[in-house]
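Survey of secondary and tertiary structure
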Amino acid sequence: IVFSGNGPSGICLSYLLSGYTPYFKRGSLHPNPILQRKLEEVPEVSILDQDLDYLSEGLEGRSQSPVALLFDTLQRPDTDFGGTAESVLTWKHEPDRAIPHLVLGRNAPGGAWHSIEGSMVTLSRGEWMGLPDLPFKEWLKQTKRGLRNNRATAEDIAQYYQHYVMKKGLQKNFRCSTVVTFVRKVSAKSISNHTQKDLQENTDSLWNSNEQSTKVFQVDGFFKTMEGDKEPFSIYAENVVLATGTYDNPTWLGVKGENLSYVHHQLSALEEAVKNNSIGIMSDPVLVVGAGLTAADAILFAHHCNIPVIHVFRRRVSDPGLIFNQLPKMMYPEYHKVHQMMKEQTAACAGPYECYISLPEHHVLSFRKDKKCIIQDKNGCQKTYKISMALVLTGSNPNLSFLPNNGIDLAIDTDQPVSPKRNPIDVDPFTYECAQEKGVYALGPLAGDNFVRFVQGGALAVASSLLKKANKNPP
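Report follows, based on the coordinates. Everything numeric in this text was worked out from a predicted model, so none of it was measured.

Moving on, we get to the overall build of the protein chain. Looking only at helices and strands, the protein chain has 10 helices and 20 strands in total. By the burial criterion, 53% of the 475 residues in the protein chain qualify as buried. When the accessible area of the protein chain is evaluated, it comes to approximately 22,600 Å², of which 50% is carbon and sulfur surface.

Turning our eyes to something else, we now look at the packing of aromatic side chains. Per the stated rule, a full pass over the model turns up 8 aromatic pairs. Note on Phe-71 and Trp-91: the rings are 6.3 Å apart at their centroids and 65 degrees apart in plane angle, and the pair reads as edge-to-face. Taken together, the positions of Phe-71 in helix H4 (residues 66–75) and Trp-91 in strand S3 (residues 89–93) put the pair 20 residues apart, joining distant regions of the chain. Grouping aromatic residues by their ring pairs yields a cluster made of Tyr-15, Tyr-20, Phe-71, Trp-91, Phe-136, Tyr-160, Tyr-161 and Tyr-164. Lys-92 extends its terminal NZ or CZ atom over the ring of Tyr-23, reaching a point 4.5 Å from the ring centre. Sitting above the plane of the Phe-222 ring, Lys-230 keeps its charged end 4.7 Å from the centroid.

On to the side chain of Thr-244. Relative to the assigned elements, Thr-244 resides in the loop between strand S9 (240–242) and strand S10 (249–250). The buried category is assigned to Thr-244, whose relative accessible area is 18%. Contacts of Thr-244, omitting those with residues within four sequence positions, involve Ser-4, Gly-5, Leu-400, Phe-402 and Leu-446.

This part is about the sheet that holds strand S13 (residues 309–313). Taken together, 5 strands build an open sheet; the order of strands is S11-S18-S12-S13-S14 and the sheet is parallel. Edge strands, defined here as strands with exactly one partner in the open sheet, are strand S11 (263–264) and strand S14 (356–360). Here strand S12 (residues 286–289) pairs with strand S18 (residues 389–392) via 4 bridges, running parallel. Paired with Val-286 across the bridge in S18 is Met-389. Together, S11, S12 and S18 form the strand contacts of helix H7 (residues 268–275), whose direction differs from that of S18 by roughly 155 degrees.

Enumeration according to the criterion identifies 12 salt bridges in this entry. Among the ionic pairs, Lys-25 bridges to Glu-86, the shortest N-O distance being 3.7 Å. One end of the pair, Lys-25, is in the loop between strand S2 (20–24) and helix H2 (33–41); the other, Glu-86, is in the loop between H4 and S3, and 61 residues separate them in sequence. In this structure Lys-25 comes out as partly exposed when scored by relative accessible area, which is 27%. For Lys-469, the salt bridge goes to Glu-433, with nearest N and O atoms at 3.0 Å. Taken as a pair, Lys-469 in helix H10 (residues 452–469) and Glu-433 in the loop between strand S19 (396–397) and strand S20 (440–442) lie far apart in primary sequence, 36 residues in all. A relative accessible area of 41% means that Lys-469 is categorised as partly exposed.

What follows concerns the pairing of strand S15 (residues 362–367). Pairing of S15 with strand S16 (residues 372–377) involves 5 bridges; the strand directions are antiparallel. Residue Ser-366 lies in a different strand from S16, and its bridge partner there is Ile-374. In sequence, S15 turns back onto S16 through a hairpin of 4 residues, with Lys-371 there showing a positive phi of about 65 degrees.

Within a sheet, each strand pairs with its neighbour through backbone hydrogen bonds, oriented either parallel or antiparallel. With antiparallel pairing, the 3 strands of this open sheet are ordered in space as S6-S7-S8. Across the chains shown, the open sheet's two edge strands, defined by having one partner strand only, are strand S6 (178–187) and strand S8 (230–237). Each adjacent strand pair in this sheet contributes to an overall mean axis angle of 20 degrees, direction not counted. Bridge count for strand S7 (residues 215–224) against S8 is 8 bridges, and the pairing is antiparallel. From the neighbouring strand, Phe-223 faces S8, where its bridge partner is Glu-231.

Right, let's get into the environment of Pro-429. By the element assignment, Pro-429 lies in the loop between S19 and S20. Owing to a relative accessible area of 38%, Pro-429 belongs among the partly exposed residues under this scheme. For the pair Pro-429 and Leu-52, spaced 377 residues apart in the sequence, the C-alpha separation amounts to 9.7 Å.

In this section: the nonpolar core. Leu-13, Leu-242 and Ile-425 are the most contacted members of the largest nonpolar core, which has 81 residues in total. In terms of residues, this core owes the most to one element, H10, which gives 9 residues. Once residues within four sequence positions are removed from consideration, Ile-425 is found in contact with Leu-242, Leu-400, Leu-410, Ala-411, Ile-412, Val-418, Cys-434, Ala-442, Leu-446 and Ala-447. By size, the runner-up hydrophobic cluster in this structure holds 32 residues, among which are Leu-270, Leu-293, Ile-299 and Phe-301.

With their axes 8 Å apart at the nearest point, helix H1 (residues 8–17) and H10 run at an angle of 40 degrees to one another. One way to sum up the angle between H1 and H10 is to call them oblique. Judged by the twist between their axes, the crossing of H1 over H10 is right-handed. Between H1 and H10, the contacting residues are Pro-8, Ser-9, Cys-12, Leu-13, Leu-16 and Leu-17 on the first element and Val-452, Val-455, Gln-456, Ala-459, Leu-460, Val-462, Ala-463 and Leu-466 on the second. Its residues assigned to classes, the contact of H1 with H10 shows 12 nonpolar, 2 polar and no charged.

The periodicity of an α-helix, 3.6 residues per turn, causes residues three or four places apart in sequence to face the same way. Between the first and last C-alpha of H10 there are 26 Å, a value that for 18 residues agrees with the 26 Å anticipated at 1.5 Å per step. Burial within H10 is extensive, with 16 of its 18 residues counted as buried. Directly after H10, the chain includes Asn-471, whose backbone phi takes a positive value near 55 degrees.

Quick notes on the rules
Residues numbered from 1 in each chain as written. Predicted model: local features only at pLDDT ≥ 70, side-chain atom pairs only at ≥ 80, totals over all residues. Heavy atoms only, no water. Helix = DSSP H or I, 4+ residues; strand = E, 2+ residues; numbered from the N terminus. Buried < 20%, exposed > 50% of the residue type's maximum accessible area, 1.4 Å probe, protein only. Areas by Shrake-Rupley, 256 points an atom, 1.4 Å probe, with all protein chains shown as cover. Phe/Tyr/Trp six-rings, centres within 6.5 Å; stacked < 30°, edge-to-face > 60°. Lys NZ or Arg CZ within 6 Å of the ring centre and 35° of its normal. Contact = heavy atoms within 4.5 Å. Pairing = 2+ DSSP bridges. Axes fitted to C-alpha atoms, helices over the stretch in contact; angles between N-to-C directions. Salt bridge = Lys/Arg side-chain N within 4 Å of Asp/Glu carboxyl O. Core = buried A, V, L, I, M, F, W, Y, C linked by side-chain atoms within 4.5 Å. Parallel < 35°, antiparallel > 145°, perpendicular 65-115°, else oblique. Left-handed = near helix turned anticlockwise from the far one by under 90°. Nonpolar A, V, L, I, M, F, W, Y, C, P; charged D, E, K, R; others polar. Expected span 1.5 Å × (residues − 1).

In short, the description is geometric, and any link to function would need to be established separately.
Have a look at this one:
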């Protein structure tokens, strides 16, 4: 089995495929009496080997995925009500149930968390960022650091995921600095064992000459060496797990001049510009386009550095779909501050915040070579602004260029690109296997699960399915 992506979903699945098996902890009490009764029926049978459809039936919560809700409530029984009830799971290591697998990723284990500015604070509560059987809060205590407003920094999260892989002994399954370039289905008969160049050293080959298996997947890519060279590889696997997340491919506006050197699509560009003093207090304003949390992070960063900002977004400030209107003020004071600025500091009326102008219900028409940007309001009136740089932060999409037709054939709507929110990959809700391609699984944002606490249920579903295929479920 090969996974493309080594973020939280890939790490969690590796843990479950390494023989770590969850059981209902005898004597524990779940606050949901119906679930408690189901868990007590066969406590000697692992959760992986039970009927996930039956266990998750009737559960409600902040995810559309029944298995995500199940695994989350087993690990954090009353967390949505502010409770701190212990997990009702106990974990046993059963090495004979391990399934050989490789986890391929560009970064160190933790995926895109290593690409996010380290001081950024997570949207989710700190304890929701944890993986099975190693609570994040416990790890944080050992490092002598604490949570800010119950939330953690991106640097803490990235370090925790790396520590988790080492602590649980999963590192032998991980190959970092790898880029997958192509995945395709090939006939098993046409491949010789000797032609396969496997990334694994001194471990069982991924090649499994199962007579019943007529088709396998060829995974091509390259490994980046310390010297900067690219070493190609080709691996053959009976199953492929897509867990690439969505951080790779920022959304573009599609307007004239968007490819000019001063127009960027990642927050890191602003951090870099401040670090090398190419922009500062005396610069022309930075244009921030978008009304999500990444745009808010850019505004907070610029505000902290006293850099002027022009903020353009299409929605009304009071739009209920705006993320700021869905966040509790007490828990997210900094985002509430940005929302206040958006309301009170429009170009039409000066407010209390210096160096910031909000332009709701506006959109960018074009960027010019002289660093001037043309912006239009809802009535069609246009205005030109001189800026130092532009940050287009309107979301991101997965990069599935390594799949035939960019993975579009696997999506719910096969006429549209894969999008975590609008058009995720079409998967079976209890196995996470792709409806259109057996043997291919999708996890995390690709399957519509966008929070770390909920991607783990997908890993549970995939592990359960793969164990059944490998006949490693006890009778």
